[in-house]
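# Commentary on secondary and tertiary structure
The chain contents come next:
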Amino acid sequence: MNDVREIAVELAPMGAGGGAPSMPVALGHGGFSGVNDSPARGRIWFPHVRQAEEIAPWERREAARQARWMQGNGGLAERIINGMSLHVCGRGFRARPLSADKDWNRLVKDAFHRHASSAEAFDRAGRVNFYEAQVLVERQNYLTGEMFGLLTESDVSGRAMMAFYEAEQVGNPSDRRVRSAAGDEDVWRDGIRLNRDRRPVGYRFLTEVKGEFEDMDARDVIHYYDYTRPGQRRGITKFLHALNHLKDVMETRGFIKHGIKARQSVGYYIKTLLGGTPTGLDAGMGSLLDSEWRKTVDEMRSNVPTQEFFGGGEIGSLGVNQSLETIQHDSPGGNEQSFEGELLREVALGFGVFPELLFYVAKMSNQTSRLALEDLQKLLDYRQPRLARIFCTRYYLFWLSKELKAGRLPMPVVVDESGEADWWKHGWLVPRKVTLDAGRDGKLELQQVEEGLLTLSEFFGCRGRDWQDEVTQQIDEVKFRMGRIYDAIAEDPRLRVEDFLPGRGSGPVALDPAAGLVEPVEEE
């Protein structure tokens, strides 16, 4: 029992006829053993259940600071951040307009791709383009828990642009006098102002000048983070569950490395068996005895033995039952490596993936690989739509609305069933699905396409490509190839169309115009 803790008393209902209540029951001795105190295990300290008070701003910043230290001082954290971000984003999501006007869709898609591919046109700081920004946003989501984007415009052209801010750039001023002077510190919590429905209506961006800030309307801000509870205001680093384990792994590896270096700095030791005769040499640990130089400085410049140049020495003699030994140690041992593996396993599972995908790819079997990749794909199927909805769609519609309003793009001519121009309809082409056997899966999907069980939209969509673009490209290639073939035949009448077509079998090929097939024919 903890004598310091506060005892809460719970009274039983009154008995029939208004009898006296039963004996008070102290909190910690309920009917569920999981909530009771026990000397066999430590007590859980979790002071706040309300999400707004669950993690203080300083705790959120400290967790992000430690995650950044792990990223900069070890490869484990960087592997997690890079691996997961690239799995989610690939080379970036590509917009696909889906209005009823097909020609307008192609026009808008090409215009947005040109804009999104330019860092100067997209980023206010000119560092990343739209596709690179998706990886940047996802990386910050893993590292610090959140990323802020401000929807702005170019000072020259008025076109849409984006300005990025990191987690520490949004918050309340640290100076209490500044907060009191503003007079609204009671409604701004951790840099965010909520309405009574707990919807963000404003964000407070801290400037480079200490104590100064600028408030932005929430409609102009993209706040990308993973909220796991309805009342969550800010994002928390995804390394929160892994901070202690990764620190222990990194510290343990440092101790092992220090021990190896310490052992290697000792050249040898002389081992004397019981009853042996010691010599003038030190019987404990030491370095080789320095040998006397046999050459003058001038001679050393021209011809110096390697052992003398590097400070080698000589052993005079060894006594009876004595031997020259070097320090041997099997650290890290099997138990240490196994325990480290369990720590990393828990770290990986906390990120939602199998540890083999992050740390032990070489140990995966075929069956384990398929199961791990299927599990990873489920995670990606959840994360990719979130990135598309919160970040990509917000910016795409912001850019498109400004282009339409300025007249740089026309409105769609064709309207939908409601009689309105559906300029806002669109989708996103995400990276291809993760697969272990692309050849086998691709062959199966082609068979499904031929049998009508899989549409071209699904076939190309799971590869991050637009089916209409691919079909158009195939038609253009056929038209170009046939045009060049007929040009060659016009120059040389001896040539035939079948001379330029790939054959099947050993004989010449002939084109069947009626069936559109290429079939082998027998030679005469």
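This structure is a prediction, so every number in the text was calculated from the model and none was measured. (Residues numbered from 1 in each chain as written. Predicted model: local features only at pLDDT ≥ 70, side-chain atom pairs only at ≥ 80, totals over all residues. Heavy atoms only, no water.)

## Examining the overall build of the protein
The number of helices and strands found in the protein is 16 helices and 16 strands. Within the span of the protein, comprising 524 residues, buried residues form 33% of the whole. Within the protein, contacts between residues separated by at least 24 positions form 61% of all contacts whose residues are at least 6 apart in sequence. As displayed, the protein offers around 33700 Å² of accessible surface, 53% of which is attributable to carbon and sulfur atoms. (Helix = DSSP H or I, 4+ residues; strand = E, 2+ residues; numbered from the N terminus. Buried < 20%, exposed > 50% of the residue type's maximum accessible area, 1.4 Å probe, protein only. Contact = heavy atoms within 4.5 Å. Areas by Shrake-Rupley, 256 points an atom, 1.4 Å probe, with all protein chains shown as cover.)

## A short note on unusual backbone geometry
Positive phi, close to 55°, is recorded for Asp190, a residue that is not glycine. One can find Asp190 in the loop between strand E6 (188–189) and strand E7 (192–194). The phi angle at Arg198 is positive, at roughly 65°, despite the residue not being glycine.

## Comments concerning the sheet that holds strand E10 (residues 221–225)
One open sheet holds the three strands; their spatial order is E5-E4-E10, and the pairing between them is antiparallel. In the strand order of this sheet, the two ends are held by strand E5 (160–165) and E10, each with one partner. Strand-to-strand twist in this sheet, taken as the mean axis angle between neighbours without regard to direction, amounts to 25°. Pairing geometry for strand E4 (residues 146–153) and E5, over six bridges, is antiparallel. Counterpart to Thr152 in the pairing with E5 is Met161. (Pairing = 2+ DSSP bridges. Axes fitted to C-alpha atoms, helices over the stretch in contact; angles between N-to-C directions.)

## Overview of the confidence of the model for the protein
For the protein, per-residue confidence averages 78 on the pLDDT scale, and 76% of positions sit at 70 or higher. pLDDT under 50 marks residues 1–17. Its contacts with residues more than four places away, or in other chains, come to 19 contacts. pLDDT under 50 marks residues 280–302. Its contacts with residues more than four places away, or in other chains, come to 36 contacts. (pLDDT = per-residue confidence, 0-100.)

## Side note on the packing of aromatic side chains
Summed over all chains, the structure comprises 21 aromatic pairs. Relative to Phe130, the ring of Phe122 lies with its centre 5.8 Å away and its plane at 80°, an arrangement referred to as edge-to-face. Its relative accessible area of 0% is what places Phe122 among the buried residues. The interplanar angle of 25° and the centroid separation of 6.2 Å between the aromatic rings of Tyr142 and Phe351 together place this pair among those described as stacked. On the criterion of sequence distance, the pair formed by Tyr142 in helix H6 (residues 130–143) and Phe351 in the loop between helix H11 (334–350) and helix H12 (355–358) is long-range, its members being 209 residues apart. Exposure class is identical for Tyr142 and Phe351. Each is buried. Here a set of aromatic residues connected by ring pairs shows up, and it is made of Phe112, Phe122, Phe130, Tyr131, Phe164, Phe391, Tyr395, Tyr396, Phe398, Trp399 and Trp428. The ring of Tyr227 has Arg386 lying over it, and the distance from NZ or CZ to the ring centre is 5.4 Å. (Phe/Tyr/Trp six-rings, centres within 6.5 Å; stacked < 30°, edge-to-face > 60°. Lys NZ or Arg CZ within 6 Å of the ring centre and 35° of its normal.)

## Some points on the pattern of salt bridges
One pass over the full model with this rule turns up 25 salt bridges. Arg234 serves as the salt-bridge partner of Glu146, at 2.6 Å between the closest nitrogen and oxygen. Taken as a pair, Glu146 in strand E4 and Arg234 in the loop between E10 and helix H8 (243–264) lie far apart in primary sequence, 88 residues in all. On the accessibility criterion, Glu146 (0% relative accessible area) is buried. With relative accessibility at 4%, the residue Arg234 sits in the buried group. Measuring nitrogen to oxygen at the nearest pair gives 3.1 Å for the salt bridge that ties Arg219 to Asp217. For Arg219, a relative accessible area of 67% puts it in the exposed group. Through salt bridges that share partners, Glu138, Asp226, Lys238, Arg383 and Arg386 make up one connected network. (Salt bridge = Lys/Arg side-chain N within 4 Å of Asp/Glu carboxyl O.)

## Regarding the environment of Glu498
Position of Glu498 relative to the elements: it lies in the loop between helix H16 (467–491) and strand E15 (509–512). Given a relative accessible area of 17%, Glu498 falls into the buried group. As a C-alpha pair, Glu498 and Ile485 span 13 residues in sequence and 9.7 Å in three-dimensional space.

## Some words on the pairing of strand E8 (residues 200–206)
Note that E7 and E8 share three bridges and pair antiparallel. Looking at E8, one finds that Ile192 is bridged to Tyr203. Between E7 and E8, which pair antiparallel and follow one another directly, the connecting turn spans five residues, one of which, Arg198, has a positive phi of 65°. Across five bridges, E8 lies against strand E9 (residues 213–217) in antiparallel orientation. Across the sheet, the residue bridging to Phe205 is Glu214, located in E9. As consecutive antiparallel partners, E8 and E9 are separated by six residues, and within that stretch Gly211 has a phi angle of approximately 90°, a positive value.

## Observations regarding the nonpolar core
Within the largest apolar cluster, 67 residues are counted, with the highest numbers of intra-cluster contacts made by Phe130, Phe391 and Trp399. Tallying contributions element by element places helix H13 (residues 366–406) first for this core, with 15 residues. Beyond its immediate stretch of four places on either side in the chain, Phe130 contacts Phe93, Phe112, Ala116, Phe122, Phe391, Cys392, Tyr395 and Trp428. Judged by nonpolar contacts, the second largest core, of 10 residues, contains Phe148, Ala163, Ile192 and Ala218. (Core = buried A, V, L, I, M, F, W, Y, C linked by side-chain atoms within 4.5 Å.)

## Comments concerning the state of the cysteines
The full count for this structure, using the stated rule, is zero disulfides. No disulfide involves Cys392; its sulfur sits 7.8 Å from the nearest other cysteine sulfur, which is in Cys89. (Disulfide = S-S within 2.5 Å.)

## Let's talk about the packing of H6 against H13
To describe two helices that pack against each other, one gives the angle between their axes and the distance between the axes. In the contact formed by H6 and H13, the axes pass within 11 Å of each other and the chain directions differ by 125°. Our classification of the angle between H6 and H13 gives oblique. Remark: the crossing between H6 and H13 carries right-handed chirality. Between H6, through Phe130, Ala133, Gln134, Val137, Glu138, Asn141 and Tyr142, and H13, the contact on the second element is made entirely by Arg383, Leu387, Phe391, Cys392 and Tyr395. Among the residues making up the contact of H6 with H13, the classes are represented as eight nonpolar, two polar and two charged. (Parallel < 35°, antiparallel > 145°, perpendicular 65-115°, else oblique. Left-handed = near helix turned anticlockwise from the far one by under 90°. Nonpolar A, V, L, I, M, F, W, Y, C, P; charged D, E, K, R; others polar.)

## Examining helix H4 (residues 102–116)
Taking 1.5 Å as the rise per residue, H4 with 15 residues should run 21 Å; its terminal C-alpha atoms sit 21 Å apart, in good agreement. Among the residues of H4, those classed as buried are Trp104, Asn105, Val108, Lys109, Ala111, Phe112, His115 and Ala116. Two to three positions downstream of the cap, the backbone nitrogen of Asp103 sits 3.3 Å from a side-chain oxygen, assigning the N-cap of H4 to Asp101. (Expected span 1.5 Å × (residues − 1). Polar contact = N/O pair within 3.5 Å; in protein donor to acceptor, adjacent residues only side chain to side chain.)

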